[in-house]
Amino acid sequence: MSKNVLKVCIFIAALAFLSACSPKLNWRTVQSPEQGYSALFPAKPDKLERHIPVQDQDFLQTLEAAKVDDDIYSISAIQIPENQAAAAKQVIALLQSNLIDRAKAAGGIVVTEDALYRAGQRQGLPTKDYFITFASNGKATQAMRVRWITRLVDKGNSWVYQISILHAASDAVDAKTFLSQEDYTNFFNEFYPE
């Protein structure tokens, strides 16, 4: 009888060990030639499109997103045609105000940090990372790290990218510390506009 109990205990321990060894993040490079970038996602992303209005113009936004546990990793891309180049600043302003103003209105916190990204094989180009803590009833409910990048292409068109991670667990109080961990930083560092 005790041999059977021992075998069961060994079997359960082996299962626990094997499940601990299986990675929850399955990193893969995703090429998006239509939107002009490559990125490293922690799981296979889903892709969707929608139209967003900016003043009297309508732009197509493509979104690729992957959910892993309490985290949503996403990249949105909006192409700005050559004859509407001034709209890129308006698009970024709209995207930023939608997140930042909403967070601040609910008592959240927004912290910015200088960052670098690489386009192709070039040296680092300056950008900013925004660490946002969303709150409800005075309690942190979500944390987000987001970066906006504008990239000009040869024909005078431009792309506006929003790279972000949303952590939906209510335990995320300090967004900057939490979302600066290696798994999150990899997602930002391995985004390359082409």
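Further up the page is the structure itself.
## Here's the deal with the nonpolar core
- Judged by nonpolar contacts, the single largest core of 26 residues is most densely connected at Phe-41, Tyr-73, Ile-75, Tyr-161, Ile-163, Phe-187 and Phe-191.
- When residues of this core are traced back to their parent elements, those giving at least two are strand E2 (37-41), strand E4 (57-68), strand E5 (71-80), strand E8 (139-152), strand E9 (158-167) and helix H4 (182-189).
- Considering every element that reaches this core, the biggest residue donor is E9, with four residues.
- Setting aside anything within four residues of it in sequence, one finds Ile-163 in contact with Ser-74, Ile-75, Arg-145, Val-146, Arg-147, Ile-149, Phe-187, Phe-188 and Phe-191.
- Counting residues in hydrophobic clusters, the runner-up holds 20 residues, among them Val-54, Leu-95, Val-146 and Trp-148.

## Focus: the sheet that holds strand E7 (residues 125-136)
- Judged by pairing direction, the sheet is antiparallel, and its seven strands sit side by side in the order E3-E4-E5-E9-E8-E7-E6 without closing on themselves. The sheet terminates laterally at strand E3 (46-54) and strand E6 (109-117), the two strands that pair on one side only. Mean inter-strand twist for the sheet, computed between neighbouring axes without regard to direction, equals 20°.
- Bridge count for E7 against E8 is eight bridges, and the pairing is antiparallel. In the sheet register, Phe-131 faces E8, and the bridge partner there is Arg-145.
- Most of the contacts of helix H2 (residues 87-105) go to E7, to which it runs at about 30°, and overall it touches E3, E4, E5, E6, E7, E8 and E9.
- Running over the sheet, H4 touches E5, E8 and E9 and is turned about 170° from E9.

## Section: H4
- Within the span of H4, buried status applies to Tyr-184, Thr-185, Phe-187 and Phe-188. In an axial view of H4, the angular spread of the buried residues amounts to 150°, which keeps them on one side of the axis.
- Its buried side turned inward, H4 meets E2, E5, E8, E9 and helix H3 (175-178).

## Considerations on the sheet that holds strand E10 (residues 192-193)
- Strand order in the open sheet made by the three strands is E1-E2-E10, with antiparallel pairing throughout. Sheet topology places strand E1 (28-32) and E10 at the edges, where each strand pairs with a single neighbour.

## Here's the deal with H2
- Helix length check: H2, at 19 residues, gives a terminal C-alpha distance of 26 Å against a target of 27 Å (1.5 Å per residue), a fit within 8%.
- Taking the largest bend as the criterion, H2 deviates by roughly 30°, centred on Ser-97.
- The set of residues buried in H2 consists of Ala-87, Ala-88, Val-91, Ile-92, Leu-95, Leu-99, Ile-100 and Ala-103.
- Following H2 by one or two positions, Gly-107 has its phi on the positive side, about 85°.

Cut-offs applied
Residues numbered from 1 in each chain as written. Predicted model: local features only at pLDDT ≥ 70, side-chain atom pairs only at ≥ 80, totals over all residues. Heavy atoms only, no water. Core = buried A, V, L, I, M, F, W, Y, C linked by side-chain atoms within 4.5 Å. Buried < 20%, exposed > 50% of the residue type's maximum accessible area, 1.4 Å probe, protein only. Helix = DSSP H or I, 4+ residues; strand = E, 2+ residues; numbered from the N terminus. Contact = heavy atoms within 4.5 Å. Pairing = 2+ DSSP bridges. Axes fitted to C-alpha atoms, helices over the stretch in contact; angles between N-to-C directions. Arc of directions from axis to C-beta. Expected span 1.5 Å × (residues − 1). Bend = angle between axes of the 7 residues up to and from the residue.

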